[in-house]
Amino acid sequence: MKKRYFPESELIINNDGSCFHLHLKPEQLADKVILVGDPGRVNTVAAHFDTKECEVQNREFHTITGTYKGKRITVQSHGIGCDNIDIVVNELDTLANIDYGTREERDEHRTLTMVRIGTCGGLQPFTHTGSFIASVKSIGIDGLLNYYAGRNEVCDLKMEAAFRQHMRWNPILGNPYVAVADENLINRIAQDDMIRGYTVACGGFYGPQGRILRADVVDPDQNNKVESFEYDGMKICNYEMESSALAGLASILGHRAMTCCMVIANRYTTEMNTEYKNSIDTLIQKVLDRI
């Protein structure tokens, strides 16, 4: 079978042999990857490393690869939003599964394990500030996965239909999708001290999450409907902005991925913790030990 070839316009490789946005080279990527939104949080994670072999930064994409208790780990920042996840996951996959010298797909697939550590807004009385949530399934209302062939095979289509019906979904918003996180990875990372639930991944921080400032939203009742949605005995626990694209795109590309977040605001009780950076290190330590 003829190998797939990726031309320069599709697989953009910098002059130094690194991928276009991340500026990372294939040999700098570990099989275990921790993803964080904030470029500054990369240093917070890497401060736990026993050794550091490389550090690369371009725009919001900051990377450190090193070792932690004998495990080689890459910590990679992705910035904010599912559109950035599209860049990061695709480029990490090219580093793992495309030969940059020949521009051809490698003979053997390399599977990455990706765990996103993030922050979120809790949506239930039990998702108090400071609690940790593992996203078992993520409802993407950003639309990103709808551009990829194979999205139906990696999504929960029955849950999508139930969500649309419950929300009385306005078709002008595009089709929501339900991406499923890797079950074995969820069990390994979440264990018995993280809340397991559904997540809504939004395409923005304000209107898409039902926040009303000077611009009104299409559905002022959105948050109440999201909070009351239940499927297979589980509720939507939180809003964030990346988990659906990560879980869905990773599945399409043959990788394992999940998201776990610390609640820094509870939309149900209107609480907010702006000093969360001082306490998220507990979640980082758990993921490092379990990945």
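Rules of the game
Residues numbered from 1 in each chain as written. Predicted model: local features only at pLDDT ≥ 70, side-chain atom pairs only at ≥ 80, totals over all residues. Heavy atoms only, no water. Disulfide = S-S within 2.5 Å. Buried < 20%, exposed > 50% of the residue type's maximum accessible area, 1.4 Å probe, protein only. Helix = DSSP H or I, 4+ residues; strand = E, 2+ residues; numbered from the N terminus. Pairing = 2+ DSSP bridges. Patch = residues over 30% accessible without salt bridge, like charges linked within 9 Å, V, L, I, M, F, W, Y side chains within 5 Å. Areas by Shrake-Rupley, 256 points an atom, 1.4 Å probe, with all protein chains shown as cover. Salt bridge = Lys/Arg side-chain N within 4 Å of Asp/Glu carboxyl O. Phe/Tyr/Trp six-rings, centres within 6.5 Å; stacked < 30°, edge-to-face > 60°.

**Quick look at the state of the cysteines**
- With the rule as written, the count across this model stands at zero disulfides.
- The thiol of Cys 54 is unpaired, and the distance to the nearest cysteine sulfur, on Cys 19, comes to 12 Å.
- On the accessibility criterion, Cys 54 (14% relative accessible area) is buried.
- Of all cysteine sulfurs in the structure, the one in Cys 120 sits closest to Cys 237, which takes part in no disulfide; the separation is 8.9 Å.

**Observations regarding the pairing of strand β3 (residues 61-68)**
- With respect to burial, β3 is a largely interior element, seven of its eight residues being buried.
- The pairing of strand β2 (residues 51-58) with β3 spans seven bridges and is classified as antiparallel. Bridging across to β3, Gln 57 finds its partner in His 62.
- Between the antiparallel neighbours β2 and β3 lie two residues, among them Arg 59 with a positive phi of about 55°.
- In the sheet, β3 pairs with strand β4 (residues 71-77) via six bridges, with the strands oriented antiparallel. Across the sheet, residue Thr 67 finds its bridge partner in β4, namely Arg 72.
- Hairpin connection from β3 to β4: two residues lie between these consecutive antiparallel strands, with Lys 69 at a positive phi of about 50°.

**Observations regarding unusual backbone geometry**
- Positive phi is not limited to glycine here, since Lys 69 has a value of about 50°.
- With respect to the helices and strands, the residue Lys 69 is situated in the loop between β3 and β4.
- Under the relative-accessibility criterion, Lys 69 is labelled exposed at 58%.
- Its identity as a non-glycine residue notwithstanding, Arg 168 has a phi of 50°, on the positive side.
- Here Arg 168 shows up in the loop between α4 (157-167) and β9 (177-180).
- The exposed category is assigned to Arg 168, whose relative accessible area is 61%.

**Regarding a nonpolar patch on the surface**
- On the surface, a nonpolar cluster with roughly 330 Å² of combined accessible area is contributed by Phe 205, Tyr 206 and Leu 213.
- For Tyr 206, the position within the fold is in the loop between β10 (195-201) and α6 (222-228).

**Points about the packing of aromatic side chains**
- Scanning all chains against the criterion turns up three aromatic pairs.
- Seen from their ring centres, Phe 163 and Trp 169 are 5.7 Å apart, and the 45° between their planes marks the pair as tilted. The burial state of Phe 163 is the same as that of Trp 169; both residues are buried.
- Residues Phe 163 and Phe 229 carry aromatic rings whose centres are separated by 5.5 Å and whose planes lie at 90° to one another, so their mutual orientation is edge-to-face.

**Thoughts on the pattern of salt bridges**
- All told, the structure shown has eleven salt bridges when counted by the stated rule.
- Among the ionic pairs, Asp 107 bridges to Lys 3, the shortest N-O distance being 3.2 Å. Pair noted here: Asp 107 is in the loop between β6 (104-105) and β7 (113-122) and Lys 3 is in the segment before β1 (32-36), with a separation of 104 residues, a long-range link.
- Residue classification places Asp 107 among the exposed positions, given a relative accessible area of 67%.
- Classification of Lys 3 as partly exposed rests on a relative accessible area of 37%.
- With its nearest N and O atoms 2.8 Å apart, the salt bridge here joins Glu 240 to Arg 116. Of this pair, Glu 240 sits in strand β12 (residues 234-240) while Arg 116 sits in strand β7; the two residues are 124 residues apart in sequence, bridging distant segments of the chain.

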